[in-house]
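Below are the chains, spelled out letter by letter.
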Amino acid sequence: MIHVLKSGLLTSIQDLGRYGYQKHGVIASGAMDSESHRIANLLVGNHPNSPTMEITLMGPVLEFQEDTCLAICGGNLSPMIDGERVSTWKPVYIRKGSELRFGKPKEGFRSYLAVAGGFDVPEVMNSASTYMRAGIGGFKGRALQKGDCLSVRSKTKDSKLLLEKIKPKDKNITFQEAGWFVPPEFSNYEDKKSSIRVMAGREFDWFDEKSQKNFFQHSFQIDSKSDRMGYRLTGCPLSFKEEQSLLSEAVTFGTIQVPSEGNPIVLLADRQTTGGYPKIAQVASVDLPRLAQLRPGESLSFTQISHNEAQRLYLQRENEIKQLQLGIASKFR
Amino acid sequence: MELNFHPLGDQSVLIELGTTISEETNQQVRTISALLDEQQPDWIIEYIPAFTSVTVLYDPIYITKHQSPLNRDQLPYDWVCEKIQTLLSKTTESVNHQPRTIDIPVCYGHTYGPDLTNVAEQNGLTEEEVIETHMSGDYLVYMIGFAPGFPYIGGMDEKISTPRRSEPRLSIPAGSVGIAGGQTGVYPIETPGGWQLIGRTPLTLFDPSKETPSLLQSGDHIRFTRITEEEYGRLKEADK
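Only a predicted model underlies this, so the values are computations on that prediction, with no experimental measurement involved. (Residues numbered from 1 in each chain as written. Chains lettered and ligands numbered in written order. Predicted model: local features only at pLDDT ≥ 70, side-chain atom pairs only at ≥ 80, totals over all residues. Heavy atoms only, no water.)

Details of the overall build of chain B
Okay, step 1: Secondary structure summary: chain B contains 6 helices and 13 strands in total.
Okay, step 2: C-alpha atoms of chain B, sized along the principal axes, occupy 70 × 35 × 35 Å.
Okay, step 3: In chain B, which comprises 240 residues, the proportion classed as buried is 52%.
Okay, step 4: Put simply, of all contacts in chain B between residues at least 6 apart along the chain, 61% involve residues at least 24 apart. (Helix = DSSP H or I, 4+ residues; strand = E, 2+ residues; numbered from the N terminus. Buried < 20%, exposed > 50% of the residue type's maximum accessible area, 1.4 Å probe, protein only. Contact = heavy atoms within 4.5 Å.)

Quick look at unusual backbone geometry
Only a minority of non-glycine residues have a phi that is not negative, and only a minority of peptide bonds are not trans.
Okay, step 1: Look at Asn126(A): it is not a glycine, yet its phi comes out positive at around 65°.
Okay, step 2: One can find Asn126(A) in the loop between β10 (107–115) and β11 (149–150).
Okay, step 3: Of note, the phi angle at His110(B) is positive, near 50°, even though the residue is not glycine.
Okay, step 4: Mapped onto the fold, His110(B) is located in the loop between β5 (101–108) and α4 (116–123).

Comments concerning the packing of α4(B) against helix α5 (residues 127–136) of chain B
All names here are of chain B.
Okay, step 1: Taken N-terminus to C-terminus, the directions of α4 and α5 make an angle of 95°; their axes are 8 Å apart at the nearest point. Between α4 and α5, the angle is such that the two are roughly perpendicular. Together, Leu116, Thr117, Val119 and Ala120 of α4 and Glu127, Val130 and Ile131 of α5 make up the contact between the two elements.
Okay, step 2: For the contact of α4 with α5, the class distribution of residues is 5 nonpolar, 1 polar and 1 charged. (Axes fitted to C-alpha atoms, helices over the stretch in contact; angles between N-to-C directions. Parallel < 35°, antiparallel > 145°, perpendicular 65-115°, else oblique. Nonpolar A, V, L, I, M, F, W, Y, C, P; charged D, E, K, R; others polar.)

Points about the interface of chain A and chain B
Okay, step 1: Each partner contributes to the interface: chain A provides 38 residues, whereas chain B provides 45 residues.
Okay, step 2: Where chain A touches chain B, the interface holds 1 salt bridge.
Okay, step 3: Across the salt bridge formed by Arg202(A) and Glu16(B), the nearest N and O atoms sit 3.5 Å from each other.
Okay, step 4: Counting every contact that joins chain A to chain B gives 10 residue pairs in polar contact (both at pLDDT 80 or more).
Okay, step 5: Where the side of chain A that touches chain B is concerned, the elements lending two or more residues are β16 (249–250), β20 (279–283) and α6 (307–332) of chain A.
Okay, step 6: The element contributing the most residues to the side of chain A that touches chain B is α6(A), with 8 residues.
Okay, step 7: Classifying every residue of the side of chain A that touches chain B by side-chain character gives 16 nonpolar, 15 polar and 7 charged. (Salt bridge = Lys/Arg side-chain N within 4 Å of Asp/Glu carboxyl O. Polar contact = N/O pair within 3.5 Å; in protein donor to acceptor, adjacent residues only side chain to side chain.)

Notes on the sheet that holds strand β18 (residues 265–267) of chain A
Sheets are built from strands that pair by backbone hydrogen bonding, the pairs being arranged parallel or antiparallel.
Residue and element names in this part refer to chain A.
Okay, step 1: An order of β21-β14-β15-β18-β17-β20-β13-β22 is seen for the 8 strands of this open sheet, with the pairing classed as mixed. Each edge of the sheet is formed by a strand with only one pairing partner; in this case those strands are β21 (299–300) and β22 (302–304).
Okay, step 2: Contacting β13 (196–200), β14 (220–222), β17 (255–257), β20 and β22, helix α4 (residues 209–217) runs over the sheet at an angle of about 115° to β22. (Pairing = 2+ DSSP bridges.)

Thoughts on the nonpolar core
Nonpolar side chains in soluble globular proteins generally cluster together in the buried interior.
Residues and elements named next belong to chain A.
Okay, step 1: With 58 residues, the main nonpolar core has Phe215, Tyr231, Ile256, Ile280, Leu291, Leu300 and Phe302 as its most contacted residues.
Okay, step 2: When residues of this core are sorted by domain, at least three fall in each of domain 1 (2–189) and domain 2 (194–317).
Okay, step 3: Residue contacts for isoleucine 256: discarding those within four places in its chain leaves Val198, Phe215, Pro264, Ile265, Val266, Pro278, Lys279, Ile280, Ala281, Val283 and Phe302. (Core = buried A, V, L, I, M, F, W, Y, C linked by side-chain atoms within 4.5 Å. Domains from an automatic or database assignment.)

Topic: the packing of aromatic side chains
Okay, step 1: The tally for this structure, following the rule as stated, stands at 17 aromatic pairs over all chains.
Okay, step 2: When the centroid spacing of 5.8 Å and the interplanar angle of 80° are considered together, the rings of Phe150(B) and Trp195(B) count as edge-to-face. With a gap of 45 residues between them, Phe150(B) in the loop between β6 (139–144) and β7 (151–154) and Trp195(B) in the loop between β11 (191–193) and β12 (196–200) connect regions that are remote in the sequence.
Okay, step 3: In this structure Trp195(B) comes out as buried when scored by relative accessible area, which is 7%.
Okay, step 4: An aromatic cluster is built from Phe51(B), Tyr142(B), Phe146(B), Phe150(B), Tyr152(B), Tyr187(B) and Trp195(B), whose rings are joined through pairwise contacts.
Okay, step 5: Seen from the ring of Tyr47(B), Lys23(A) lies directly overhead, with NZ or CZ sitting 4.5 Å from the centre. (Phe/Tyr/Trp six-rings, centres within 6.5 Å; stacked < 30°, edge-to-face > 60°. Lys NZ or Arg CZ within 6 Å of the ring centre and 35° of its normal.)

With respect to the pairing of strand β4 (residues 61–64) of chain A
Okay, step 1: Taken together, the 4 bridges between strand β1 (residues 2–6) of chain A and β4(A) define a ladder with antiparallel strand orientation. From the neighbouring strand, Val4(A) faces β4(A), where its bridge partner is Leu62(A).

Description of the sheet that holds strand β12 (residues 175–177) of chain A
All names here are of chain A.
Okay, step 1: Strand order in the open sheet formed by 6 strands is β2-β3-β10-β5-β8-β12, with antiparallel pairing between adjacent strands. For this open sheet the edge positions go to β2 (11–14) and β12, each flanked by a neighbour on one side alone. Ignoring which end each strand starts from, the neighbouring axes of this sheet average 25° apart.
Okay, step 2: In this sheet, β10 lies alongside strand β3 (residues 52–56) in antiparallel orientation, the contact comprising 4 bridges. Directly across from isoleucine 55, in β10, lies its bridge partner serine 111.
Okay, step 3: In the packing of helix α1 (residues 34–43) onto the sheet, the strands contacted are β2, β3, β5 (68–76), β8 (91–94) and β10, and the crossing angle to β5 comes to about 155°.
Okay, step 4: Contacts from helix α2 (residues 157–166) reach β5, β8 and β12 within the one sheet, and its direction differs from that of β8 by about 70°.

Notes on the domain arrangement of chain A
Frequently, the measure chosen for interface size is the accessible area removed from exposure when the parts meet.
Residues and elements named next belong to chain A.
Okay, step 1: Split into domains, chain A comes out as domain 1 (2–189) and domain 2 (194–317).
Okay, step 2: The partner domain 2 presents 19 residues to the 32 residues of domain 1 that form the contact.
Okay, step 3: Ranking the residues of domain 1 by area buried against domain 2 places Ile27, Met32 and Phe109 at the top, with a combined share of 33%.
Okay, step 4: Inspection of the region where domain 1 meets domain 2 yields 2 salt bridges.
Okay, step 5: Across the pair glutamate 54 and arginine 228 runs a salt bridge, and its minimum N-O distance is 2.8 Å.
Okay, step 6: Put simply, domain 1 and domain 2 have 10 residue pairs in polar contact (both at pLDDT 80 or more) between them.
Okay, step 7: Elements supplying a minimum of two residues to the side of domain 1 that touches domain 2: α1, β5, β10 and α3 (184–187).
Okay, step 8: Looking at the side of domain 1 that touches domain 2, the element that brings in the most residues is β10, giving 5 residues. (Buried area = accessible area lost by both parts, 1.4 Å probe.)

Side note on the domain arrangement of chain B
Residues and elements named next belong to chain B.
Okay, step 1: As assigned here, chain B comprises domain 1 (4–89) and domain 2 (101–239).
Okay, step 2: Domain 1 and domain 2 are separated by 33 Å when their C-alpha centres are compared.
Okay, step 3: With 9 residues of domain 1 at the interface, the matching set in domain 2 holds 8 residues.
Okay, step 4: In total, about 720 Å² of surface goes out of reach between domain 1 and domain 2, with carbon and sulfur atoms giving 65% of it.
Okay, step 5: Looking only at domain 1, the three residues that lose the most surface to domain 2 are Glu23, Asn26 and Phe51, adding up to 60% of its buried area.
Okay, step 6: Joining domain 1 to domain 2, the criterion identifies 0 salt bridges.

Written out as structure tokens, the structure reads:
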């Protein structure tokens, strides 16, 4: 059991999303930074889709009521166990009775906490993701609150092997990190600040020439009203050649739509299934995890790539993750 | 059937079937949806039908692993477009399934439809005339979207069209039947909203525990019927 002593800003249970029900109007939800979510799971021997805890900027305080193994990936929100700094992007053995808390956010916006076995919440429509607005999935359909008690699913063979491997011999040691970690090309946040790569959207031609240029030349600020549904971008309103109306059609993670007032909205994990605003661009899948780590108040800019390039980059990244997965698996044996 | 393919990002393709809302286009949307349901290829994650399009979400990794070695240089999107083209050319006939007609019982007015008077006044009708007009419409569900199980319904008589409330309500109970401009709709879950509420149905339009969580589907015909407050209570009890 893991006991929530403090909830943090916005802490929820997520997996890779709820797919198969969008035709019924059920949004996909899921981890905002799916890459960090997957890697955190891999580090503790879980399936990549196991439920993790998505932690936003100001983290929770959690008491572990059993010995287990955990990993924290994504943004560095200064995790500490019993007052001592603990590394991210590494498996960590934690003793029963220890307390995990988070300090001052150092880099990024969201952390993913995976525990060996994964958080045990019921699957609703094939997913453990929390869809807060409809009160579906996750832990009781909502963000975590003080006093919640989370159970953990039974451990995989890999998790058990890992636990045995990194268990400290000295009973007085409250936690111990593994001697290996994820290579920096996955965890280095300095590289993550560069421009977000996008493809032109289906209605790119609807925008006037100046707006088409400005979209790539200007930077945008992420508005404070942004949430898991979308980043609202301000700083450079865009305009259309002429007023045209669009019939609602499917949108996806990373679709950038522009309402008539001109400020773009980047749709994220909790996007609606369909949208009726013109789409100026679409974020390449490979850059979605990076995008999800930007904080409201920060600025970003866009670079155009081709649809083929976006496909190739995605396949290449997935191949790198596959290699990482094999590398991690070899550490358990 | 003429198919136009457009990429939506690097993991989905939009199949465009027209540019205006019509029963014919809706029929094509349903034909494609039915074919995809029937064939269920492994590389499709799911599909999202809309007014004039069906968007297919696919798994590029599955495709690169499983496509034949001859096509190794082909990128997933081109492969998917070809596959969908073949898949859909198998049948060009419309779906055999008879369109369903679903009765939605509504308790009009009073506490359940606080804006009924307003809708009547704005259109120079009596409340009774608004109810009669609303019940006599021939309604078609064009798509489900916006919220879980929320139907976009076409076919309301313009005589009762009413603009949204200038101040949206913070919370509208599930089952509320309302009018917004020339559209009528039913709220499946409690949400904020600016629709003019004329009644409420005891039916559950969205139930996450069911295999098909949404009561209504694209292509359904709807008939609104009138019930008393007493019947509302009884049906609500029975629906639990």
